[in-house]
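A closer look at the structure
Spelled out from the first residue to the last, the chains are:
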Amino acid sequence: MPLQKCKEELEKTLKEHNFEKEALIPCLHAAQEKYGCLTEEVISFLAEGLKLPRVEVYSTASFYSMFTFEQTGEYVIRICESLPCYLNGSKQILDALSKELNIKTGQTTQDKKFTIESVSCLGLCDKAPAMMINDEIYGNLTPERVKEIILELKKRDVEI
């Protein structure tokens, strides 16, 4: 989405919250969803609209692992690194993803379809090892299941 269109969407969110400080998190989510990342221009726009120092907007956004300042792929794969996930094989899951997509943690595929990120906890200990792809949760993973999931996503894009 072009930045101007993103700003229009953010302006709507700001108005819904009467330009109050509590609009910050919803606006950060909206910007991330619409623009794909939080750029300096988006941070400045929100700081100005909420009458907050830029550093406060930036520090809030950088506190949460779900926000990013760099463009990510269409599918953001978040691998849980919590102790339960690690003990149940998250390393093997990450290895399978890296092999299938030919990228490492923190990287995006050349076609801009997939990004792999490690997160400290997804709160899915009962489904360890677990990952999220965008907003969809996958648990009790095996390397074979990971390959199937990635192939399904690739196939979905071809069918569209």
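Residues numbered from 1 in each chain as written. Predicted model: local features only at pLDDT ≥ 70, side-chain atom pairs only at ≥ 80, totals over all residues. Heavy atoms only, no water.

**Concerning the overall build of the protein**
Rule in force here: Strands are runs of DSSP state E lasting at least 2 residues, helices are runs of H or I lasting at least 4, and numbering of each runs from the N terminus. Should any heavy atoms of two residues lie within 4.5 Å, those residues are considered in contact. We get accessible surface area from the Shrake-Rupley algorithm with a probe of 1.4 Å; when it comes to residues, only the shown protein chains can shield them. We count Lys and Arg on the positive side and Asp and Glu on the negative side, and we leave His and both chain ends out. Charge placement uses NZ in Lys and CZ in Arg. For Asp and Glu, CG and CD serve respectively.
Looking only at helices and strands, the protein has seven helices and four strands in total. Counted over contacts in the protein with a minimum sequence separation of 6, partners at least 24 positions apart contribute 62%. Summing over all exposed atoms, the protein offers an accessible surface of approximately 9,400 Å²; the carbon and sulfur share of this is 51%. Treating the 20 positive side-chain charges of the protein as one cloud and the 26 negative ones as another, the clouds have centres 3 Å apart.

**Topic: the pairing of strand E2 (residues 114-119)**
Defined as follows: When a residue's accessible area, from a 1.4 Å probe over protein chains only, is under 20% of the maximum for its type it is buried; when over 50% it is exposed; and in between it is partly exposed. Strand pairing is assigned whenever DSSP identifies at least 2 bridges connecting the two strands.
Taken across its six residues, E2 has five buried, putting it largely inside the fold. Pairing between strand E1 (residues 75-80) and E2: six bridges, direction parallel. Within E2, the position partnered with Val-76 by the bridge is Thr-115.

**Remarks on unusual backbone geometry**
Between Ala-128 and Pro-129 the backbone carries a cis peptide bond, its omega angle lying at -5°. Among the structural elements, Pro-129 can be located in the loop between E2 and strand E3 (131-133). Phi is positive for Lys-112, which is not a glycine, with a value near 65°. Relative to the helices and strands, Lys-112 is located in the loop between helix H6 (90-101) and E2. With relative accessibility at 54%, the residue Lys-112 sits in the exposed group. Of note in the backbone geometry, Asn-134 takes a positive phi value of approximately 55° without being a glycine.

**Describing the pairing of E1**
Of all six residues in E1, six are buried, a share of seventy percent or more. Relative to E3, E1 runs antiparallel, the two sharing three bridges. Bridge assignment links Arg-78 to a residue of E3, and that residue is Met-132.

**Structural notes on the sheet that holds E3**
Rules: Lines are fitted to the C-alpha atoms to define the axes, a helix being fitted only along its stretch in contact, and any angle between axes, read from their N-to-C directions, falls within 0 to 180 degrees.
Within the open sheet, the four strands sit side by side as E2-E1-E3-E4. Their pairing is mixed. In this open sheet, the two edge strands, each paired with only one partner strand, are E2 and strand E4 (136-138). Taken pair by pair, the neighbouring strands of this sheet meet at an average axis angle of 20°, ignoring direction.

**A word on the packing of helix H2 (residues 24-35) against helix H3 (residues 40-50)**
Note the cut-off: These descriptions rest on fixed angle ranges, namely under 35 degrees for roughly parallel, over 145 for roughly antiparallel, 65 to 115 for roughly perpendicular, and the rest for oblique. If you view the pair so one helix is near and one far, a crossing is left-handed when the near helix is turned anticlockwise from the far one by less than a right angle, and right-handed when it is turned clockwise. By the convention adopted, Pro, Cys, Tyr, Trp, Phe, Met, Ile, Leu, Val and Ala count as nonpolar, Lys, Arg, Asp and Glu as charged, and the other residues, Gly among them, as polar.
The N-to-C vectors of H2 and H3 enclose an angle of 150°; their axes lie 11 Å apart at closest approach. Here H2 lies roughly antiparallel to H3, going by the angle between them. Seen from above, H2 lies across H3 with right-handed handedness. Counting all contacts with H2, which are made through Leu-24, Cys-27, Leu-28, Ala-31 and Tyr-35, the residues of H3 involved are Val-42, Leu-46 and Leu-50. Residue composition of the contact of H2 with H3, by class: eight nonpolar, no polar and no charged.

**What about the state of the cysteines?**
Heads up, the rule is: Disulfide: a pair of cysteine sulfur atoms within 2.5 Å of each other.
Tallied over the full model, the rule gives zero disulfides. Looking at the unpaired Cys-85, the closest cysteine sulfur is the one in Cys-80, lying at 3.6 Å. Judged by relative accessible area, which is 1%, Cys-85 ranks as buried. Here Cys-125 is not cross-linked by a disulfide; its sulfur's nearest cysteine counterpart is in Cys-121, at 4.7 Å. The partly exposed category is assigned to Cys-125, whose relative accessible area is 41%.

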